[in-house]
Amino acid sequence: MLLITCPWCGPRPEIEFAARGEAHVARAAPDADGEAIAAALYLRSNTRGLLAERWRHVYGCGRYFNAVRHTVTDKFVATWRVGESRPDLGGEGTR
Amino acid sequence: MADLTALPARVEDFAGLAPLDHGSRFTAAPLVPATRFVFRGREAAIEAATAAFGLALPRTACRAAETADRAALWLGPDEWLLLAPDGEGEAIAAAFREIAAPHSLVDVSHRNTGLDLSGSEVAAVLNAGCPLDLHLAAFPVGMCTRTLFAKAEIVLWRRAVDRFRLECWRSFAPYVHGVIADAALEYTDEG
């Protein structure tokens, strides 16, 4: 079973987690036109490689956290708490 | 007309299910009815809660603190499960009402029910439904966490090397009991 390291609880089985999609998606401005709002809502980078995501330890501490995951190998390169700065991944990762 | 102000008598749902007794290898006993609260709050409220509950809420992830008859289980960085003997709910709620800092205190006494699991094979039985590493090095005595048991959400608390407290929602009790009963078949004393 894939182990995911929750930044609060430590390494835990994958089934305790919920994937919550790509991280750091900028919201559209309140006065943006429809296309910009649609892009912010629906368009994602669809990266092949390292992707920053939000995950939630739903059957554990319940916290949202940040993760960088490789979308081909499913390897979690790093996880960190909301509000903390992103660890140095040596120039790897997207966005 | 029914008296809606009176709370129904507290029932521990596991108490109505067949006892699981395989001697020293594995035994599951229903818990006696208890008062349970879920407390959530930030720094100021957490400190005030220590005075209100008479027990310092553990700040280390996945650890429980207990006194003779009360316990606080860390569920998340701002969330605790508070356990106390049956009948103390009113007094606890009254004490928390004095806390000025924003917080929430929800009585889940009737929502939850629990089992006391013990025996030399208790970790193996739990691992039939729970994928956590229950080795003492990874899950030491005093550790507690919310997790999954088969398809049911549970709170698991290690009380001793071969003794756990399992809490789950009451509607999951027959299901959790069934999974445990199946898993425990492997560890009857007769072998």
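The shown structure was predicted, so the numbers you read here are calculated from the model rather than taken from an experiment.

Chemist: What is the right way to read the overall build of chain A from this model?
Modeler: Helix and strand content of chain A: one helix and six strands. Sequence-ordered secondary structure for chain A, helices as α and strands as β, is β-β-β-α-β-β-β. The long-range fraction of contacts in chain A, counting pairs at least 24 apart against all pairs at least 6 apart in sequence, stands at 50%.

Chemist: I'm lost on the interface of chain B and chain A in this one. Help?
Modeler: One frequently used descriptor of interface size is the decrease in accessible area upon assembly of the parts. The partner chain A presents 11 residues to the 13 residues of chain B that form the contact. Secondary-structure elements contributing two or more residues to the side of chain B that touches chain A are β5 (71-76) and β9 (144-149) of chain B. In terms of residue count, the dominant contributor to the side of chain B that touches chain A is β9(B) (four residues). Looking at the side of chain B that touches chain A residue by residue, the class counts come to seven nonpolar, three polar and three charged.

Chemist: Help me understand the sheet that holds strand β6 (residues 79-85) of chain B in this model?
Modeler: Adjacent strands of a sheet form backbone hydrogen bonds with each other and so pair up, either parallel or antiparallel. All names here are of chain B. Spatial ordering of the open sheet is given by β4-β5-β6-β3-β7, a layout of five strands whose pairing is antiparallel. Whereas interior strands pair on both sides, the edge strands pair on one side only; in this sheet they are β4 (64-66) and β7 (103-107). Strand-to-strand twist across the sheet, computed as the mean angle between neighbouring axes with direction ignored, equals 20°. Pairing geometry for β5 and β6, over five bridges, is antiparallel. Each bridged residue has a counterpart across the sheet, and for A71 the counterpart in β6 is L83. Most of the contacts of helix α1 (residues 43-53) go to strand β3 (residues 34-41), to which it runs at about 160°, and overall it touches β3, β5, β6 and β7. Sitting on the sheet, helix α2 (residues 89-97) is in contact with β3, β6 and β7, with an inclination near 170° to β7.

Chemist: Hey, could you run me through the environment of B:L17 in this one?
Modeler: Counting through the fold element by element, B:L17 comes out in the segment before β1 (20-21). Sequence separation of B:L17 and B:A56 is 39 residues, and the distance between their C-alpha atoms is 35 Å.

Chemist: Mind showing me how you'd approach the pairing of strand β4 (residues 50-56) of chain A here?
Modeler: For a regular strand, the rule is simple: side chains alternate between the two faces of the sheet. All names here are of chain A. In this structure, strand β3 (residues 18-22) lies alongside β4, joined through three bridges in antiparallel fashion. Within β4, the residue paired with E22 across the bridge is E53. Where β4 lies against strand β5 (residues 64-70), seven bridges are found, and the strand directions are antiparallel. Bridge pairing in β5 places L50 opposite H70.

Chemist: Would you mind going over the sheet that holds strand β8 (residues 112-118) of chain B with me for this structure?
Modeler: If you walk across this open sheet you meet the six strands as β1-β2-β8-β11-β10-β9 (chain B), and the pairing is antiparallel. For this open sheet the edge positions go to β1 and β9 of chain B, each flanked by a neighbour on one side alone.

Chemist: Sorry, what's going on with the confidence of the model for chain B here?
Modeler: Do not read the predicted coordinates in detail wherever pLDDT is low. Across chain B, pLDDT averages 93, with 95% of residues at or above 70. Across the interface, the model reports ipTM at 0.86; the global pTM reads 0.89.

Chemist: Would you mind showing me how to read the pairing of β5(A) here?
Modeler: Residues and elements named next belong to chain A. Of all seven residues in β5, five are buried, a share of seventy percent or more. Of the pairings in the sheet, the one linking β5 to strand β6 (residues 76-81) comprises five bridges and is antiparallel in character. Bridge pairing in β6 places R69 opposite F76. The turn joining β5 and β6, which pair antiparallel and follow one another in sequence, is formed by five residues; a positive phi near 70° is taken by D74.

Calculation rules
- Residues numbered from 1 in each chain as written.
- Chains lettered and ligands numbered in written order.
- Predicted model: local features only at pLDDT ≥ 70, side-chain atom pairs only at ≥ 80, totals over all residues.
- Helix = DSSP H or I, 4+ residues; strand = E, 2+ residues; numbered from the N terminus.
- Contact = placed C-beta atoms within 7 Å.
- Nonpolar A, V, L, I, M, F, W, Y, C, P; charged D, E, K, R; others polar.
- Pairing = 2+ DSSP bridges.
- Axes fitted to C-alpha atoms, helices over the stretch in contact; angles between N-to-C directions.
- pLDDT = per-residue confidence, 0-100.
- Buried ≥ 20, exposed ≤ 12 C-beta atoms within 10 Å, placed from the backbone.

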